[in-house]
Amino acid sequence: MLVIQHSKRIRLLLIKGSSFLFILLFVYAAISKLLDFETFRVQLAQSPLLSAYAGFIAWAVPGIEILIACLLIMERFRTLALYASFTLMVMFTAYIYIILNFSDFVPCSCGGVLEDLSWTQHLIFNAVFIVLAGTAVFLGKQGNNKMKLFLLVTLAIIGISIVALLFAFSEKKMHRNNAFQRRYIPQPMETLHEFNLEWDSYYIAGMDKERIYLGNYMAPLYLDEVDLEEQKIEKFSVWVSDTTLPYRRIRTAVQPPYFYLGDGTVPIVFRGNLSDRKAYPYYNEAYFTHFTIADTSNFGIVSISQTTGNNTLGIVNKKDSKVSVSFNDSILRKQVDGIIDSDGTLLWNEQHQGFIYVYRYRNTYEVIEKQLNPLFSGRTIDTISKAILDLAYYKKTGQYALGAKSVVVNKSNATDGDFLFIESERLGKFEDTDLETTSIIDVYNITGQSYAFSFRLYHDKGRELTGFKVYGELLAAIFGDTLILYKLKPAYFDTGSNTTHTGPYQEKTEHL
């Protein structure tokens with residue numbers, strides 16, 4: 001009899017202890033969210049799963065947490081509240097799993113101490129509380145164990161299904177647009193070679209007829225060289241004369257025989273020779289967000305205009321020790337905030353000796369002379385001429401943040417010869433392409449100011465295209481941790497004189 005009473009006492013203690021921990025967790029989490037409600041709501045609005053429902057969920061989540069905490073206090077409703085706690089923690093865990101594995105970016109929508117946890121730690125934390133809730137349910141008096149197990153499994157399936165449905169509906173990024181129709185060409189290229197890069201943090205820093213140069217976001221002082229003749233990758237480190245500055249996002253650009261390292265948050269660009277890989281200060285005038293090398297004396301920058309406060313284009317010229325910087329504030333056109341709405345990529349076209357600026361959120365690109373004299377504005381086949389942005393404003397910092405419902409028109413891009421290549425995530429009329437395994441490249445003729453055709457790059461699910469460059473007949477593309485080289489067929493691409501670099505592959509591709 002004493003053993004039975006002791007067992008009941010332990011069981012009751014475990015149930016009350018578990019309930020107390022959930023009360024503490026939910027009350028603390030709810031209060032943290034409500035105390036900084038604006039930030040919580042803005043973070044939800046940036047979530048690719050919940051952005052469409054951010055206004056409702058911002059109130060519902062802390063409300064449900066407080067309601068469950070109140071029910072846990074009352075013994076009459078404690079079992080019901082434990083089932084609810086289990087379901088809510090399963091939904092939180094499913095949300096994190098989908099964000100980590102299927103989302104384009106990882107937002108944060110947690111308050112208090114949970115913000116200091118890594119996402120893996122957060123998953124473990126949630127799993128512990130899921131087990132805690134399930135154990136407390138089994139220790140309760142109501143119902144037999146089979147029924148309890150059935151209810152827990154059912155609630156888990158319902159919770160995961162709800163989150164999955166939110167993802168299915170919210171993740172649809174307005175890809176469909178029946179207002180334009182693409183013209184696809186059959187087999188426009190041949191695959192030459194694949195390289196395993198081991199990491200998915202690489203980008204193409206430059207290329208010529210002999211080598212492709214790879215930078216690494218996570219290791220900015222390394223520059224890998226892909227030897228096209230030997231079909232191998234050599235890893236090299238580079239030396240920079242000053243590593244004490246507060247760098248945030250160093251990027252490398254290669255224009256043989258030189259390589260350049262720039263960090264616009266620190267107004268400096270280093271230049272070094274590829275032969276010894278030692279870089280010294282080359283430019284330290286204005287801040288910039290992006291730089292593009294034109295030649296050994298000139299490079300273009302994207303900066304913030306001191307006059308308008310909007311994005312602007314600049315040209316840096318350096319001869320000997322003299323540096324001159326000039327800006328043209330009239331090229332990039334403001335539509336919403338002047339910064340995010342005019343965000344884009346600055347490219348250099350060697351054959352035409354001019355710059356091309358491709359807007360990210362509208363169907364426009366600017367063709368510009370080397371000295372920043374605008375030539376013409378081109379249009380892509382998409383129909384979004386005004387940026388569709390989901391902007392959230394942080395009152396504390398006075399800054400805008402980009403939400404998940406913003407529509408990207410032109411993703412990544414490259415140029416060579418008469419062509420401008422633009423990756424698009426927007427589906428046109430009659431298209432049913434699976435964008436999880438296919439990247440669409442639209443090709444434009446900048447000489448004729450016209451759309452030429454489109455083609456597809458196929459890849460494994462989860463290994464989306466992160467960047468590509470074109471040099472003559474060679475197209476190099478990075479998919480996750482894989483670099484793939486393609487030979488463009490001359491029948492579709494008039495590549496001019498830059499064709500000899502595919503010589504090492506000629507014998508191998510004749511039989512493809």
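Before going into details, it helps to say that this report is about the structure given with it. (Residues numbered from 1 in each chain as written. Predicted model: local features only at pLDDT ≥ 70, side-chain atom pairs only at ≥ 80, totals over all residues. Heavy atoms only, no water.)

### Some points on the sheet that holds strand β4 (residues 222-227)
Move 1: On the basis of which strands lie adjacent, the open sheet formed by four strands has the order β2-β3-β4-β5 and antiparallel pairing. A single partner strand is all that each edge strand has here, and the edge strands are β2 (202-207) and β5 (232-237). With strand direction ignored, the average angle separating the axes of adjacent strands in the sheet is 30°.
Move 2: Sheet topology places β4 next to β5; six bridges connect them, and they run antiparallel. Paired with D227 across the bridge in β5 is K232. (Pairing = 2+ DSSP bridges. Helix = DSSP H or I, 4+ residues; strand = E, 2+ residues; numbered from the N terminus. Axes fitted to C-alpha atoms, helices over the stretch in contact; angles between N-to-C directions.)

### Brief notes about the environment of P220
Move 1: If you trace the backbone, P220 turns up in the loop between β3 (211-216) and β4.
Move 2: Spatially, the C-alpha atom of P220 lies 8.4 Å from that of R249, the residues being 29 residues apart in sequence.
Move 3: Once residues within four sequence positions are removed from consideration, P220 is found in contact with I250, T252 and L261. (Contact = heavy atoms within 4.5 Å.)

### Digging into the sheet that holds strand β11 (residues 290-293)
Move 1: Strands sit in the order β11-β12-β13-β14 across an open sheet of four strands; the sheet is antiparallel. At either margin of the open sheet sits one strand with a lone partner, and together these are β11 and β14 (322-328). Each neighbouring strand pair of the sheet contributes to a mean axis angle of 20°, computed without reference to strand direction.

### A closer look at the pairing of strand β9 (residues 268-273)
Along any regular strand, the residues point their side chains to alternate faces of the sheet.
Move 1: For strand β8 (residues 258-263) and β9, the ladder comprises five bridges, and the chain directions are antiparallel. Bridging across to β9, F259 finds its partner in G272.
Move 2: The sheet contact formed by β9 and strand β10 (residues 278-283) spans five bridges and is antiparallel. Note that in β10 the partner of F270 across the bridge is P281.
Move 3: Where β9 folds back onto β10 in an antiparallel hairpin, the turn is made up of four residues, including R277, whose phi is positive at roughly 60°.

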